[in-house]
Amino acid sequence: MKGKEMTQAKTLSPKQVQFLDRPLLRAPDFEIERSRPYIIKKLLLASQVSMLAGPPNIGKSSVLACIAAHVSLGKSVGGLRTKRTAVLYVAAEDPHGIAERAYGFWQNTNSELAEFHIFESPVNLSDDNEMATFRAETMRFRREVTSEQLLIVYDTLNLCIGEGDENSARDMSRVVSNARALTQQTGAHVMIVHHTGTSDRSRPRGSSAMHGNVDTLLMLERADGDTGGSFVRMIQEKQRSMPKGKPVFFEISPYAVGKDEDGEVITVPIARPIVPTPALLASGSDAYGAPKATDARTTGILRVIEALNSKNRGRVFAPTDIYDHVIGMFEGQKTDTMQKAVRRVLASLANDGTLEVAEGGQYRLRESTPPAAHHQAA
C-alpha cells in the first residue's frame, strides 16, 4: 500500500505534464516493479500475450494441456515455479481431445481446487464486438472461480479469426490488439496456439505482425530429431520483459485409462515435463525441421574453435565469430538455419562441459578439453 501511495503522490506531482489531455509518464519518477505477477516464473507473466507455435502433429495440444493442468494445480512445470491459476481454454479445434490430454493429471491428486475450464466453441479474435462481449464474460468468470490469476488459451489461431486472414498484417494486428485489450481489462495471460509453415518451420506461419508483437514467443520442436519421436522441447524464442530461459523438455506418451468392451486397453496422449539427458540435449533438429547436427558437424565446429583458441589462448568468442568458418558444413541450407545450428551445437558443447559460457552469451574453450579428433558429441 505504501508503494501505491508513493506512486500516487508522484502522479500528482506539480511536475506532472499533460499531452493531448493525457498525463505523461515522467521517466525519473518511474519505479521498477520488483515483484512481477507470473503464471509460470521466468516463462509467462500475467497481463501479457504469448504464442506457442509448432508444426502439425508435434503435440502442441498435449503440451498445452500439461501446462494448463500444472498451473491450475499450482505445480511447477519443468522446474519452473507456478502460481495457482484458473484456466479458460478456448478449444476451437478439439475440446474433448484437450480434456483427454489433461485426464492423467487429475488422477491420484486433489483436483478439487483446479479451475481448468474448456470452452467448446471458437472465439473470433479479429472481431471487436465479439471480443468486447468475451471480455465482459471473462470478468464474470473471474469473479466466479476461486483463483486470483487467469490463463486464457486460444487453440488454434486459424480457427479463432473468423474470416480473417493470417497472412494479413491488418487482421493479425487486430488480433494482437484485441488480445492485449483482454489482458489489460482482466489481468489474464493470453496464449495463442499457432502452426509453423510447411516450408519454414523456424517461424510461425503467416504475417509477422502477429508473432512480432506478442510479449513471448515459444516454439515447439522435436527433441530427438525423429519424426516419430516422443520427446519435444519448448524454446523461448522471444521474451519482451525478461531474459530468455532454457528450453523445457516434455515426453509425450500413451496414458492407459481403462479397457473397452472387448477388453482392449484404451489410451490417451499425455505430455510430462522431463529433465533432459545429455544425449537429448545434444540431439534434435538444428532448426525446426532441418536435419539434426551429426557428430561430424559437432567435431568440425569444435576444430574451428580450437583453431581460433590456438591463435589467442583463452579467447572468448561469440557464435558470429565462427559462422564464416563453417559455411561448408551447411551447404545448401539457408543462412539463418546455419546460424541456429551453430548456436545449438555451441549450447550442447557447453552443456557437456567442453565449452565455458562467458559473459554476454559468449564462449571459451575449457583448457582441459581433449582435441576434437577424440571428441564425441553427447
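Since the model is a prediction, treat every value here as computed from it, not as a measurement.

Asker: How would you summarise the packing of aromatic side chains if you had to cite specific residues and measurements?
Answerer: The full count for this structure, using the stated rule, is 5 aromatic pairs. Judged by centre distance (5.8 Å) and plane angle (45 degrees), the rings of Phe134 and Tyr154 are tilted. In this pair, Phe134 sits in helix H4 (residues 128-144) while Tyr154 sits in strand E8 (residues 149-155), placing the two residues 20 residues apart along the sequence. By the burial criterion, Phe134 is buried, and Tyr154 matches it. Put simply, the rings of Tyr89, Trp106 and Phe116 pair up and form one aromatic cluster.

Asker: Residues and numbers for helix H3 (residues 95-102), please.
Answerer: Taken together, the buried positions of H3 are occupied by Pro95, Gly97, Ile98, Arg101 and Ala102. Down the axis of H3, the buried side of the element spans an arc of 160 degrees, and every buried residue falls inside it. Looking at the buried positions of H3, the neighbouring elements they touch are helix H2 (60-73), strand E6 (85-91), strand E7 (116-119), E8 and strand E13 (265-274).

Asker: Quick one: what's the story with the sheet that holds strand E11 (residues 231-239), residue by residue and with numbers?
Answerer: Pairing in this open sheet of 9 strands is mixed, and the strands run E7-E6-E8-E9-E5-E10-E11-E12-E13 from one edge to the other. This sheet does not close on itself; its edge strands, each paired only once, are E7 and E13. The sheet shows a mean angle of 25 degrees between the axes of neighbouring strands, direction not considered. As judged from the 6 bridges shared by strand E5 (residues 49-54) and strand E9 (residues 189-195), these two strands associate in the parallel manner. Of the residues in E9, the one forming a bridge with Met51 is Ile192. Helix-sheet contacts for helix H5 (residues 169-186) involve E5, E8 and E9, and the interaxial angle to E9 is about 150 degrees.

Asker: So what's going on with the sheet that holds strand E14 (residues 316-317)? Which residues, and what values?
Answerer: On the basis of which strands lie adjacent, the open sheet formed by 3 strands has the order E14-E16-E15 and antiparallel pairing. Single-partner strands in this sheet number two, and they are E14 and strand E15 (355-357). Note that E15 and strand E16 (residues 363-365) share 3 bridges and pair antiparallel. The residue of E16 that forms the bridge with Val357 is Tyr363.

Asker: Could you give an account of H2, naming the residues involved and the relevant values?
Answerer: Here H2 is 14 residues long and its end C-alpha atoms lie 20 Å apart, about the 20 Å a rise of 1.5 Å per residue gives. Burial analysis of H2 places 14 of its 14 residues in the buried class, the great majority of the element. At the exit of H2 stands Gly74, carrying a positive phi of roughly 75 degrees.

Asker: Describe the pairing of E8, and please don't skip the residues or the numbers.
Answerer: Burial analysis of E8 places 7 of its 7 residues in the buried class, the great majority of the element. Here E8 shows no split at all, with Gln149, Leu151, Val153 and Asp155 on one side and Leu150, Ile152 and Tyr154 on the other all buried. Of the pairings in the sheet, the one linking E6 to E8 comprises 7 bridges and is parallel in character. When the sheet's bridge partners are listed, Leu88 is paired in E8 with Ile152. Viewed along the sheet, the connection from E8 through H5 into E9 turns out right-handed.

Asker: A description of the pattern of salt bridges should follow, citing residues and the corresponding values.
Answerer: Inspection of every chain in the model, using the stated rule, returns 10 salt bridges. A salt bridge links Arg174 to Asp171; the nearest nitrogen and oxygen atoms lie 3.6 Å apart. Here Arg174 and its partner Asp171 are both found in helix H5, 3 residues apart, which amounts to about one turn of the helix. Overall, Arg174 belongs to the partly exposed group, its relative accessible area being 30%. Ionic pairing is found between Arg180 and Asp215, a salt bridge with its closest N-O pair at 3.0 Å. Of the two residues, Arg180 is situated in helix H5 and Asp215 in the loop between helix H6 (208-211) and strand E10 (216-222); the sequence distance between them amounts to 35 residues. One connected set of salt bridges, linked through shared partners, spans Glu137, Arg140 and Glu144.

The rules we used
Counting restarts for each chain, with residues numbered from 1 along the sequence as it is written. Only residues with pLDDT of 70 or above have their local features reported here, since the model is predicted, and side-chain atom pairs are shown and tallied only from 80 upward, although totals for entire chains, interfaces and linings are computed over all residues. Only hydrogens and water are set aside when side-chain values are computed; all heavy atoms of the structure are taken into account. Stacked, tilted and edge-to-face are the three classes applied to pairs of Phe, Tyr and Trp rings, where Trp contributes its six-membered ring and a pair requires centres within 6.5 Å; stacked means planes under 30 degrees apart, edge-to-face means over 60, and tilted covers the rest. We count a stretch as a helix when DSSP gives it H or I for four or more residues in a row; a strand needs E for two or more, and each element gets its number in order from the N terminus. Partly exposed describes any residue whose relative accessible area lies between the buried limit of under 20% and the exposed limit of over 50%, with all areas from a 1.4 Å probe on protein chains only and scaled to the type maximum. Think of it as the arc spanned by the lines of direction from the helix axis to the C-beta atoms. Whether two residues are in contact is decided by their heavy atoms: any pair within 4.5 Å suffices. Here, strands pair whenever DSSP counts at least two bridges between them. Note on definitions: angles span 0 to 180 degrees between N-to-C directions of axes, and those axes are lines fitted to C-alpha atoms, for helices only across the stretch in contact. A helix is expected to span 1.5 Å multiplied by its residue count minus one. The definition of a right-handed crossover adopted here requires that, viewed with the strands pointing away, the path from the first strand over the helix to the second runs clockwise. Salt-bridge detection follows one rule: a side-chain nitrogen of Lys or Arg within 4 Å of a carboxyl oxygen of Asp or Glu.

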